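Fold and geometry: a report
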Protein chains: 2
Amino acid sequence: MSKLQQTRRTQAERTRASKEKIIQAASEFFAQQGYRGAKMADIAKAANLTEPGLLHHFASKTHLLMAVLAERDRVDRERFGPSLLGEMGNPLSSLQKLVEYNETVPGLVQLFTILVAESIQEQHPAHNFFMQRYQNGREQDIEVLRQGQAQGEIRSDIPAEDLTIMLYAMMDGLQIQWLFEPEKIDMARIFGQFVRLLRGE
Amino acid sequence: MSKLQQTRRTQAERTRASKEKIIQAASEFFAQQGYRGAKMADIAKAANLTEPGLLHHFASKTHLLMAVLAERDRVDRERFGPSLLGEMGNPLSSLQKLVEYNETVPGLVQLFTILVAESIQEQHPAHNFFMQRYQNGREQDIEVLRQGQAQGEIRSDIPAEDLTIMLYAMMDGLQIQWLFEPEKIDMARIFGQFVRLLRGE
């Protein structure tokens, strides 16, 4: 390997490390203060950078937000695969596992809760991202739910479309009360009760 | 009535009208941009006031936020009474009516959705307001749910505490998807499906 190649690789590694550090810092500030409340200067400082140094990696707060969301999606896909509904014979088990996992990452749950609420406004840079996230999620899950209904594993007197909406609603809503009182609200256990309802138990 | 009394009443009326106008404007800006994003200068302008004029009525943005929330609670109590669960023999009917009412006031629903999410952070001025709002709501409803369970109107294999948490979660979560796609997500109908599940139908 030439000296030039070595230097290049080191630069690329440094850039990647810097970006990871920035995304981590941005996630924390967005989770605490929302996208609108978070300041680029604070994020830069937390990542040991000047603000121009930060802007060298991400040209704007919007670019940084999209990077944070893309990184979260990548990690979640690796962990849970494309559909959240789980294997046949045990429908909704993967969603249950996701809720249990979420209890271990309150910062991330808070990040998504605040960003989703902010981005209801059409002008918010993450508006389309979250709208499509719900649409894609529901679309992917609907087939699995229909199969579960056909096999008598899930109540079939409620349309599968409605079930997907209810599942996401219950997850989102439980997260809010759990974030306020994590010691008191047993999110995973209560989601489990809801799943039992949907199974017709 | 003396001239002085007339002048006083007119001043009091003007003050009340100004405050109402400010609260209305603040509600709209908070709903769009959250408490953190909203600017006092914009709220003042929308209420036809200078910023010092606004500060004469509300000493800070926090005072204004608390006034907005108090006003919402007052209106809701007038409309729905202390418990949201409705009369005996038809449990959960009032919650169903509340969801139907909410479909007619998307601006208010958006206001609460963004403020609740922001106020998860402990330093947020509405943090205690919303935490207590959930606590009081669940506490008030739990007795009605227990009575419904005792009379066989509500499934009794799920603890009433869990049912109250699930009811608020489903309402909050449905609101999010509905705010993104009001034409597509039939919030009241889907909440009705959930109520049927809880009734054991």
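Reference entry: report on the structure contained in this document. Going along each chain's sequence as written, the residues are numbered from 1 onward. Labels are handed out in written order, letters beginning with A for the chains and numbers beginning with 1 for the ligands. Residue-level local features of this predicted model are given only where pLDDT is at least 70; pairs of side-chain atoms are given and counted only at 80 or more, and the full residue set underlies all totals for whole chains, interfaces and linings. Each side-chain value is derived from all of the structure's non-hydrogen atoms; neither hydrogens nor water enter the calculation.

Below, the discussion takes up the overall build of chain A. Helix and strand content of chain A: nine helices and zero strands. From first element to last, N terminus to C terminus, chain A shows the α and β order α-α-α-α-α-α-α-α-α. Among the 201 residues that make up chain A, the fraction classed as buried is 52%. Areas reported here follow the Shrake-Rupley algorithm with a probe of radius 1.4 Å; residue values treat only the protein chains shown as occluding. If you sum the accessible surface of chain A, you get close to 9800 Å²; carbon and sulfur atoms cover 49% of it. Note on conventions: DSSP H or I runs of at least 4 residues are helices, E runs of at least 2 residues are strands, and numbering of each starts at the N terminus. Each residue gets one of three labels from its accessible area relative to the maximum for its type: buried under 20%, exposed over 50%, partly exposed in between, using a 1.4 Å probe on protein chains only.

Right, let's talk about the pattern of salt bridges for a bit. We count a salt bridge whenever a side-chain nitrogen from Lys or Arg sits within 4 Å of a carboxyl oxygen from Asp or Glu. One pass over the structure, following the stated rule, counts 24 salt bridges over all chains. Here Asp162(B) makes a salt bridge to Arg189(A), at a shortest N to O gap of 2.7 Å. One end of the pair, Asp162(B), is in helix 8 (residues 160–180); the other, Arg189(A), is in helix 9 (residues 187–198), on a second chain. The class for Asp162(B) is buried, based on a relative accessible area of 3%. Because the salt bridges share partners, they merge into one network encompassing Arg155(A), Asp157(A), Arg196(B), Arg199(B) and Glu201(B).

Quick look at the packing of aromatic side chains now. Here a pair means two rings of Phe, Tyr or Trp (six-membered ring of Trp) with centres within 6.5 Å. Their orientation is stacked below 30 degrees between planes, edge-to-face above 60, and tilted elsewhere. Tallied over the full model, the rule gives 13 aromatic pairs over all chains. Arranged with centres 5.1 Å apart and planes meeting at 90 degrees, the rings of Phe129(A) and Phe130(A) form a pair that is edge-to-face. Comparing Phe129(A) with Phe130(A), the two get one shared label, buried. Between Phe112(B) and Phe130(B), the aromatic rings sit 5.8 Å apart at their centres with planes inclined by 90 degrees, giving edge-to-face as the arrangement. With Phe112(B) in helix 6 (residues 106–118) and Phe130(B) in helix 7 (residues 127–150), this pair connects stretches of sequence that are 18 residues apart. Residue classification places Phe112(B) among the buried positions, given a relative accessible area of 12%. An aromatic cluster is built from Phe191(A), Phe194(A), Phe191(B) and Phe194(B), whose rings are joined through pairwise contacts.

Looking now at the nonpolar core. Of all hydrophobic cores here, the largest spans 126 residues; its most connected members are Phe191(A), Phe194(A), Phe191(B) and Phe194(B). Contact criterion: two residues are considered in contact whenever any of their non-hydrogen atoms come within 4.5 Å of each other. For Phe191(A), the contacting residues outside a window of four places in its chain are Leu95(A), Gln96(A), Val99(A), Leu167(A), Met170(A), Met171(A) and Leu174(A). By nonpolar core we mean a set of buried residues, namely Ala, Val, Leu, Ile, Met, Phe, Trp, Tyr and Cys, connected to one another through side-chain atoms within 4.5 Å.

What follows is about the packing of helix 8 (residues 160–180) of chain A against helix 9 of chain A. Residues and elements named next belong to chain A. Inter-axis angles, ranging from 0 to 180 degrees, are taken between N-to-C directions of lines fitted to C-alpha atoms, where helices are fitted over the stretch in contact. Direction vectors running N to C along helix 8 and helix 9 enclose 160 degrees, while the axes themselves pass 10 Å from each other. For the element pair helix 8 / helix 9, the angle class is roughly antiparallel. Helix 9 is crossed by helix 8, and the crossing has right-handed handedness. On the side of helix 8, the interface is formed by Leu163, Met166, Leu167, Met170, Met171, Leu174, Gln175 and Trp178, while helix 9 contributes Met187, Ile190, Phe191, Phe194 and Leu198. Here the word oblique covers every angle except those under 35 degrees (roughly parallel), over 145 (roughly antiparallel) and from 65 to 115 (roughly perpendicular). By convention, the crossing between two helices is left-handed when the near helix turns anticlockwise from the far helix through less than a right angle, and right-handed when the turn is clockwise.

With that out of the way, let us pick up the interface of chain B and chain A. If you look at the interface, chain B gives 48 residues, while chain A gives 48 residues. Summed over the shared surface of chain B and chain A, the number is six salt bridges. Among the salt bridges present, the one from Arg138(B) reaches Glu181(A), with a minimum N-O distance of 2.8 Å. N or O atoms within 3.5 Å of each other form a polar contact, as long as, within protein, one can give a hydrogen and the other can take it, and as long as residues adjacent in sequence are counted only when both atoms are side-chain atoms. Our count for the chain B to chain A interface comes out at 16 residue pairs in polar contact (both at pLDDT 80 or more). Ranked by residues supplied to the side of chain B that touches chain A, first place goes to helix 8 of chain B with 13 residues. Asp, Glu, Lys and Arg are counted as charged, while Ala, Val, Leu, Ile, Met, Phe, Trp, Tyr, Cys and Pro are counted as nonpolar; the rest, among them Gly, fall into the polar class. Each residue belonging to the side of chain B that touches chain A can be placed in one class, and the counts come to 23 nonpolar, 13 polar and twelve charged.

Our focus in this paragraph is the environment of Val109(A). Residue and element names in this part refer to chain A. Take Val109: it is sitting in helix 6 (residues 106–118). Overall, the relative accessible area of 4% leaves Val109 in the buried class. Sequence-wise, Val109 and Leu174 are 65 residues apart; in three dimensions their C-alpha atoms are separated by 11 Å. Ignoring any residue separated from it by four or fewer positions in sequence, one finds Val109 in contact with Asn102, Gln175, Trp178 and Leu179.

With respect to the helices, strands and loops of the structure, Gln177(A) is situated in helix 8. Owing to a relative accessible area of 1%, Gln177(A) belongs among the buried residues under this scheme. Beyond its immediate chain neighbours, meaning those up to four positions away, Gln177(A) contacts Ile185(A), Tyr134(B), Arg138(B), Ile165(B), Tyr168(B) and Ala169(B).

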